[in-house]
Amino acid sequence: MGIQAGSVVTVHHERIKAPFKSVIHSISDNNIYLKMTDGFKKNNILENDKLSFNNKFKNEIHIYDCRVVSLKPDKGIVNVEIQNIRTKNEERVAERFPVALYADIYELEHPE
């Protein structure tokens, strides 16, 4: 599968524009238990919602399509059931690095 407890994954939900991070708490059979991060708490994810998360393992990206089975807010755990696993090869030619570009901002005088 390429994932294990403690792995950080990026979670995507159909109603939420921005993906958010979560950590895998444990795995059993076809169920994965995710730690409930702020992304889960503030976005009102409900049972039977569909979500997907991805994880990079070696040079492959694994995309897991899941369904929320249960929420345990008191324990901070979300139980999801894997419905489909897709695999993509990493297509980047070179390694990517975060870059900050320097820019000067000037206020121009406008003739009136």
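Residues numbered from 1 in each chain as written. Predicted model: local features only at pLDDT ≥ 70, side-chain atom pairs only at ≥ 80, totals over all residues. Heavy atoms only, no water.

Looking at the sheet that holds strand β1 (residues 8-13)
No. 1: If you trace the six strands once around the closed barrel, you get β1-β2-β3-β6-β5-β4, paired in antiparallel fashion. Along the sheet, successive strands turn relative to each other by an average axial angle of 45°, direction set aside.
No. 2: Note: strand β3 (residues 31-35) against strand β6 (residues 77-89), five bridges, orientation antiparallel. Looking across to β6, one finds that Leu34 is bridged to Val78. (Pairing = 2+ DSSP bridges. Helix = DSSP H or I, 4+ residues; strand = E, 2+ residues; numbered from the N terminus. Axes fitted to C-alpha atoms, helices over the stretch in contact; angles between N-to-C directions.)

Structural notes on the nonpolar core
No. 1: In terms of nonpolar packing, the biggest core is built from 18 residues, with Ile32, Leu51, Phe53, Cys66 and Val80 touching the most fellow members.
No. 2: For this core, the secondary structure elements donating two or more residues are β1, β2 (20-28), β3, β4 (50-57), β5 (60-72) and β6.
No. 3: Aside from chain neighbours lying at most four places away, what touches Ile32 is Ile3, Ile24, Ser26, Ile27, Phe53, Val78, Asn79, Val80 and Ile82. (Core = buried A, V, L, I, M, F, W, Y, C linked by side-chain atoms within 4.5 Å. Buried < 20%, exposed > 50% of the residue type's maximum accessible area, 1.4 Å probe, protein only. Contact = heavy atoms within 4.5 Å.)

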